[in-house]
Amino acid sequence: MPCRFAEVIVNVHNRKVDRAFHYAVPEKLPVVLGSNVIVPFNGRTVEGIVIGFSDTAPVTAVKPVLACIEGEAILDKTLIELARWIADYYLCPFIEALQCILPASLGARREIIVEIGSSLDDPDIRALTLLDPELEKLVQAIWRGRKPVKLHNLTKRLGKGIMPQIEMLAARGFLNLTTVYKLPAFRDSVSENEGVPTRKAPVTLTPRQLEAVSVIDAAVHGQAKTVLVHGITGSGKTQVYLHAIAHVLQEGKSAIVLVPEITLTPQIYREFSEAFPGQVAVLHSGLTDRQRANEYKRIVSGAARVVVGARSAIFAPLRNLGLIIIDEEHEQTYKQEENPKYHVHEVAKKRAELCGCTVVLGSATPSLESYALALSGRYTLVTMGERVGQNPLPPVEVVDLREELLAGNHGIFSRSLLAKMTERFSRGEQAILFLNRRGFSTFIICRECGYVAKCPHCDISLTYHSNTGLLRCHYCGYTVAAPQDCPSCSSRKIKYFGLGTEKIEHELNKFFPNVKALRLDADTTTRQGAHRQILAAFERGEAQALIGTQMVAKGLDFPNVTLVGVVSADVTLNMPDFRAKERTFQLITQVAGRAGRGVRPGDVVVQTFSPQDPSIKFAQTHDYQGFFTQEIGFRRALGYPPFNHILQAVLTSEAESSLIKCAQDLDGALRQEVAKLNQNARHHLEILGPAPCPLRKLNNRYRWQLIVKGKKVDELKAAMGYAVKQLYEFGTTGGLALSLDVDPIGMI
Ligand code: ADP
Ligand code: ZN
Ligand code: ZN
C-alpha cells in the first residue's frame, strides 16, 4: 500500500510555516523522496520539497500536490536528515537548510502546455472558428502536431495578442492549460574535457605516508572515527589522500575531497583527475549552471565517484560514501557566513555519522579546536613531521621593524629582505611576497585638520588604489576619486599611510626595475580564470616575484621559489578577534611552507613590529605544539573555544539609538534567563556585551552584538531563543534585523 500523503517543506521564508505540511499525492505524479513539487499554499502555488511520506494526515481537508518537477531527486534520506540537523543546530528554517544542499541553479523552469480539451467536432467550436479567422488559425496551430504545445511557442508564432482567445477557449473548456515544471536539461561535461590526462606512474609512498594511509584505512573499516592528519608543509598529504581514496573506491564506495577554495588550487583538481580519470566531478561557485547541472548528473548517476570541491561540495549527492577529506582544515572559508551559518567540520561529522563513513582532516597548522579533540582522543591523530625527500623546513628570520626605523630605513623592505631578494633574483630564482591587505595605501589623513577618508556607509577607512586613482571601501565597494586637497579644510597636506599589495608592487619596481612581478589578490582576479593564469605564468617562470594576499599562502607547490617575504605580519595580528594569533601563526607557517620545496633550500623573512609575539616566535621555529600549548592556555583562561561554545547575536538597524535600546532589551531578557539556568547548572553561562561590533557600521546599518558563552550549546540556544522571543513580543523592533551565529568564526 503506497503512502498517500507527502510531507512537504514549502519554499516560504517565514518562521511561522517552518514545518512540514501534508499533501495528497495523485497517482499519476512521480513523487519520490526529495522531489521538488508545486503545491497550493494559502491561496497561492509555491514550490516545496518532499521530505517524507505518511499514511495519515493531521487535518481532514488535505490538498493535492499539483505538479512534480521532473528530474532526478538530489536529496536522499541521509541528506534530508542532514538538513534537519543543520536547521536545528544552526538555528535556521528547514527550507533554508534544504536549499543550501540543493544547488541553486537546478531551480525549476515553468512551462504552460496547451492541448485540445474537447472534440474539435463540437458544433460550438466549429461555429466559433468559422466566425473568427484568428481563432481558426489558433486551433489549427494547436491541432497541427496532434500533441500538446507550449504556450510560449504558440505566442511566439501567433503573437502575444492571441492570449485573450486562448483564455476564452480555456474558460469554455475547449482548451486545457497545464503548468509543468522542468529542471534544465543536462548537457555534456565540460570539466572532464580539459584533456583528461592519462594515469601517471605511481609514486612510492614514504614510511610516514604509508602509516597515515593505514590509519585512515583502519578508521574506514573500524569505528569510523575522525582522523586528524597533522602533516607539515611538503610532507606529502595529497598522496595520502589519493591512496586512501583509491582504497575506498576499490570497495565500491565514493569520496568527497574539500579544499578551501578550489579556484585557487587548480593543482589539486589536476592531481585527482589524473589519479582517477573520468571519475572525478568538481563542484565550486565558478561553474556555469550548465556545468554544475552536468556534474550533478554524473554524481547522481554514479559515473563520478570522487567529488572535489569547495565548502558546499560536502552536500554532493554521492551514494555509498566512504570517505570525506577536508584539506587545509584550519581555513576559515569552511564556515559559511550566510544562513545557514554552518561549519563544514560539523556537517561532515554529522554526515559521516548518518552514513557510517570516515572524516579525515588534514593540515600543517590544525585549528586549535581540532588539535584539542585529537589530543583528548576523540580524533585519531597522525603526525607527519618530515618533508618528502628530507628537504628541511626553511629557516625563518624575524626582522624587527622598529630597529629598521632606528637605523633610518623608512622603506617597506628591511635591509635583510632587500639583500636576500637581490641575491635570489640574480640567481634566477623566484620569490613570494605576502601581505594580507590589498590596495596601495589604507589610511588617508589630512595633516592640517586630522580629517580621515572614511566610507560614508561603513565605519571603516577607505583604501587608495593607485592604478584607478580611486579610494575604495573594502566592505561595501563604495568608491570616490582620491582627493587632491582635504575635503574638510582644503589643505594640500593630504598624506597616504598604510600598506597594501599594490604598494609592494610599486616599491619592488623601484628597487628591481628588471624583475617582473605578478600580483595575486582580489583586484587582479576579478576576471574568470585570471587566478589560474597568474599562477601558471609564475609556474612557467615568466615572472620572478609573486606578490599577494592570503591567496599565495594556500597550497602552492613551486620548486623554484627559494624566498618568501612576509612584508607585515602585523596586519593579521592586530585584527580585533580572539583568533588573531592563531590566524597569524597559520598564515606565517603556511606561506613559509611555500619556500624551499625543490632541490634548492629556501629562506623566509618575516617583518613585524611585534617580534616577541608567540604567534611569530613559534612560527619562526616551526613549533606547532609550542604554539598550541601557549595559546590553548589563553583560550582556557578566557573561556573561549574549544573550552566553550559561543552564540553570537548581531543586531543591526539604520537608527543607532533604537538599536541600542533593542540590544539592551535583549540583554535584559537574556540575563534573566541565564540567571535561572545558572542556579542549577554545573557549568555557568557567561554573557559579553551588548557592545558595538568591531565593524560598527556596515552598508548604512549600525551593528551591535551580544555574545553568550557556555559548555552546552543547547543551553545557549535555549536562553537566547527565550530572549529573542521576549524582544520581539515586548520590544519596539521596527527596522531591526537580528542574526544568530552558533560557533562564529570571525567576529568582526
Ligand atoms: P603537503 O600538501 O603536505 O604540503 P604535497 O602533497 O604538496 O605536500 O607534497 C609535496 C611534494 O612532494 C609534491 O611535489 C609531491 O608531488 C611530492 N611527493 C609527495 N609524496 C611523494 C613521494 N612518496 N615520493 C616522491 N614525491 C612525493
Ligand atoms: Zn584637512
Ligand atoms: Zn563601505
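Structure first, text after, so check above.
Residues numbered from 1 in each chain as written. Chains lettered and ligands numbered in written order. Predicted model: local features only at pLDDT ≥ 70, side-chain atom pairs only at ≥ 80, totals over all residues. Heavy atoms only, no water.

Draft legend 1. Structural view of the coordination of the zinc ion (ligand 2). Only Cys 446 (SG), Cys 449 (SG), Cys 486 (SG) and Cys 489 (SG) from the protein coordinate the zinc ion (ligand 2), and they sit 2.3 to 2.4 Å from it. Given 4 donor atoms and angles of 107 to 111° at the metal, the environment of the zinc ion (ligand 2) is assigned as tetrahedral. Note on Cys 446: relative accessible area 1%, which makes it buried. (Donors = N, O, S within 2.8 Å, 3.2 Å for Na, K, Ca; no water. Tetrahedral: all angles 85-135°; square planar, octahedral: opposite > 155°, others 65-115°. Buried < 20%, exposed > 50% of the residue type's maximum accessible area, 1.4 Å probe, protein only.)

Draft legend 2. Structural context of the sheet that holds strand β27 (residues 645-653). The strand order β28-β29-β27-β30 describes an open sheet built from 4 strands, whose pairing is antiparallel. With partners counted over all chains shown, the strands left at the sheet margins are β28 (686-698) and β30 (737-742), one partner each. Strand-to-strand twist of the sheet, defined as the mean angle between neighbouring strand axes without regard to direction, takes the value 20°. Docked against the sheet, helix α22 (residues 713-730) engages β27, β29 (701-710) and β30, running at close to 20° with respect to β27. (Pairing = 2+ DSSP bridges. Helix = DSSP H or I, 4+ residues; strand = E, 2+ residues; numbered from the N terminus. Axes fitted to C-alpha atoms, helices over the stretch in contact; angles between N-to-C directions. Contact = heavy atoms within 4.5 Å.)

Draft legend 3. Inspection of the coordination of the zinc ion (ligand 3) at higher detail. For the zinc ion (ligand 3), every protein donor is listed as Cys 455 (SG), Cys 458 (SG), Cys 473 (SG) and Cys 476 (SG), and the spread of their distances is 2.3 to 2.4 Å. The site at the zinc ion (ligand 3) holds 4 donor atoms, and with the angles between them running 105 to 113°, its shape is tetrahedral. Within one chain, the residues serving as donors to the zinc ion (ligand 3) are arranged as C-x2-C-x14-C-x2-C. In this pair, Cys 458 sits in the loop between β18 (443-446) and β19 (463-465) while Cys 476 sits in the loop between β20 (470-472) and β21 (479-481), placing the two residues 18 residues apart along the sequence.

Draft legend 4. Structural detail: the pairing of strand β1 (residues 5-10). Of all the 6 residues making up β1, 6 are buried; the element is thus mostly covered by neighbouring parts of the structure. Of the two faces of β1, the one lined by Phe 5, Glu 7 and Ile 9 and the one lined by Ala 6, Val 8 and Val 10 are each fully buried. Pairing geometry for β1 and strand β4 (residues 44-54), over 6 bridges, is antiparallel. By the bridge assignment for β4, Ile 9 is matched with Ile 49.

Draft legend 5. Just the site of ligand 1, in detail. Taken together, 15 residues are adjacent to ligand 1, and Thr 204, Gly 234, Lys 237, Thr 238 and Asp 557 come closest. Gly 234 places a polar main-chain atom, nitrogen or oxygen, 2.6 Å from an oxygen atom of ligand 1. In this structure, Thr 238 approaches ligand 1 through a side-chain N or O atom, which is 2.8 Å from an oxygen atom. When ligand 1 sits alone it has 560 Å² of accessible area, and the protein chains cover 71% of it. For the shell around ligand 1, the element with the most residues is helix α8 (residues 237-250), which contributes 3 residues. Partitioning the shell around ligand 1 into residue classes produces 3 nonpolar, 9 polar and 3 charged. (Near = heavy atom within 4 Å. Polar contact = N/O pair within 3.5 Å; in protein donor to acceptor, adjacent residues only side chain to side chain. Areas by Shrake-Rupley, 256 points an atom, 1.4 Å probe, with all protein chains shown as cover. Nonpolar A, V, L, I, M, F, W, Y, C, P; charged D, E, K, R; others polar.)

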